[in-house]
Amino acid sequence: MTVTIKDAAGIEGMRLAGRLAAEVLDYLTPYVRPGITTNELDRLAHDYIVNVQQAVPAPLNYAPNGYQPYPKSICTSVNHVVCHGIPNDKPLKKGDIVNIDVTVIKNGWHGDTSRMFLVGEVAPHARRLCQVTYEAMWKGIQMVRPGVRLGDIGHAIQTYAESAGYSVVREFCGHGIGRRFHEDPQVLHYGRPGTGMELQPGMTFTIEPMINQGRRDIREMGDGWTIVTRDRSLSAQWEHTVLCTENGYEVLTQSAGTPAPPAFVTAVQSAPA
């Protein structure tokens, strides 16, 4: 594995890109309501990234090996769509849940983040899935510090999600990020403690668990990008880009509108040394 360790200048570049990505989600938040199409959300995001932030939407025309170029500037994954949902002209309706995934490139650095949005009044079971997925992401984030192994992060996420009765998607994972959209290492959202690569200061990567209400099995749609749950159960995802610091972690994809960490994270952070 080739992992890039960011120096001080690289970390500053990643902080800026991460904040901009989060600010796109802040900008979109008031528009996510019944009746809007995901195509319209894509247009709003594209214009904001390009014209206001003077940045580049990384997903647009992104084409890893074996894939057709991705045709939009954001991913919008609604209800049973796990990830990589392509924006379209179908209006969102009351009760939908939707993940909006944003990656911007600013001065050559990538910032990658996603949030779940509740469209109007949402059923309690859908709300709970989104909340537990958010907490599972944070269970992984708060493991990050030098000397911890990737398997420790995956184990923390998996045990939390499965204890709530949910399943963890295996086929997609977090990833290193920096000058390239996807770098090493792969950050699995399941695993065994004490296994995998050891974290070092200066590593930047995403933690982005995909958690299903039903079984973990997925399938790919005919467009070559959209991934759905095989049993059509709801799926949720949250994502942050994280820096491993000398003594812990820093979440790089934060902005004024970023949801606060769960209470268990605040409690740990505020505890006396």
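No experiment lies behind these values; they were computed from the predicted model shown. (Residues numbered from 1 in each chain as written. Predicted model: local features only at pLDDT ≥ 70, side-chain atom pairs only at ≥ 80, totals over all residues. Heavy atoms only, no water.)

Asks: Now, about the sheet that holds strand 3 (residues 81-83): what can you tell me, with residues and values included?
Replies: The strands that make up a sheet pair up through hydrogen bonds in the backbone, lying either parallel or antiparallel. As summarised here, the arrangement of the three strands in space is 3-12-11, forming an open sheet in which the pairing is antiparallel. Strands at the two margins of the open sheet, each flanked by one partner only, are strand 3 and strand 11 (218-220). Averaged over all neighbouring strand pairs, the angle between strand axes comes to 40°, with direction disregarded. (Pairing = 2+ DSSP bridges. Helix = DSSP H or I, 4+ residues; strand = E, 2+ residues; numbered from the N terminus. Axes fitted to C-alpha atoms, helices over the stretch in contact; angles between N-to-C directions.)

Asks: Can you tell me about the pattern of salt bridges, naming the residues and giving the values?
Replies: Using the criterion set out here, one finds 10 salt bridges in the structure. A salt bridge links Glu-250 to Arg-15; the nearest nitrogen and oxygen atoms lie 2.7 Å apart. Within this pair, whereas Glu-250 is found in strand 15 (residues 249-251), its partner Arg-15 is found in helix 1 (residues 8-28), the two being separated by 235 residues in sequence. We note a salt bridge from Arg-149 to Glu-198, for which the minimum N-O separation is 3.4 Å. Of this pair, Arg-149 sits in the loop between helix 3 (124-141) and helix 4 (150-163) while Glu-198 sits in the loop between strand 8 (183-187) and strand 9 (204-207), and the two are 49 residues apart along the sequence. Note on Arg-149: relative accessible area 29%, which makes it partly exposed. Looking at Glu-198, the relative accessible area reads 37%, which means it is partly exposed. Salt bridges here are not isolated pairs; linked through shared partners, they connect Glu-12, Arg-15 and Glu-250. (Salt bridge = Lys/Arg side-chain N within 4 Å of Asp/Glu carboxyl O. Buried < 20%, exposed > 50% of the residue type's maximum accessible area, 1.4 Å probe, protein only.)

Asks: Break down helix 4 for me, with residues and values.
Replies: When the terminal C-alpha atoms of helix 4 are compared, their 20 Å separation across 14 residues agrees well with the 20 Å that a helix rising 1.5 Å per residue should span. Along helix 4, the residues classified as buried are Leu-150, Gly-151, Asp-152, Ile-153, Gly-154, Ala-156, Ile-157, Gln-158 and Ala-161. On its buried face, helix 4 sits against helix 3, strand 6 (167-168), strand 8, strand 9 and strand 10 (210-212). Among the residues trailing helix 4, Gly-165 stands out with phi positive, at a value near 95°. (Expected span 1.5 Å × (residues − 1). Contact = heavy atoms within 4.5 Å.)

Asks: Summarise the packing of helix 3 against helix 4; cite the residues concerned and give the values.
Replies: One way to put it is that helix 3 packs onto helix 4 with a least axis distance of 8 Å and a crossing angle of 155°. Regarding the angle of helix 3 to helix 4, the classification is roughly antiparallel. Like other packed secondary-structure pairs, helix 3 and helix 4 cross with a definite hand, here right-handed. Residues Val-132, Glu-135, Ala-136, Lys-139 and Gly-140 of helix 3 lie in contact with helix 4, whose contacting residues are Ile-153, Ala-156, Ile-157 and Tyr-160. For the contact of helix 3 with helix 4, the residue count by class is six nonpolar, one polar and two charged. (Parallel < 35°, antiparallel > 145°, perpendicular 65-115°, else oblique. Left-handed = near helix turned anticlockwise from the far one by under 90°. Nonpolar A, V, L, I, M, F, W, Y, C, P; charged D, E, K, R; others polar.)

Asks: Outline helix 2 (residues 38-52), listing residues and values.
Replies: Since one α-helical turn is 3.6 residues long, residues separated by three or four positions face the same way. When the terminal C-alpha atoms of helix 2 are compared, their 20 Å separation across 15 residues agrees well with the 21 Å that a helix rising 1.5 Å per residue should span. Inspection of helix 2 places Thr-38, Asn-39, Leu-41, Asp-42, Leu-44, Ala-45, Tyr-48 and Ile-49 among the buried residues, and these make up the whole buried set. One or two steps after helix 2, the chain reaches Gln-54, where phi turns positive at roughly 55°.

Asks: Can you explain the packing of helix 1 against helix 2? Please cite residues and give values.
Replies: It is at 10 Å that the axes of helix 1 and helix 2 come closest, and there the two elements cross at 135°. When the axis of helix 1 is compared with that of helix 2, the two are oblique. For the pair helix 1 and helix 2, the crossing hand works out as right-handed. Residues Glu-23, Val-24, Tyr-27 and Leu-28 of helix 1 touch helix 2, and the partners they reach there are Leu-41, Leu-44, Ala-45, Tyr-48 and Ile-49. Looking at the contact of helix 1 with helix 2 residue by residue, the classes come out as eight nonpolar, no polar and one charged.

The analysis is restricted to geometry; functional conclusions fall outside its scope.
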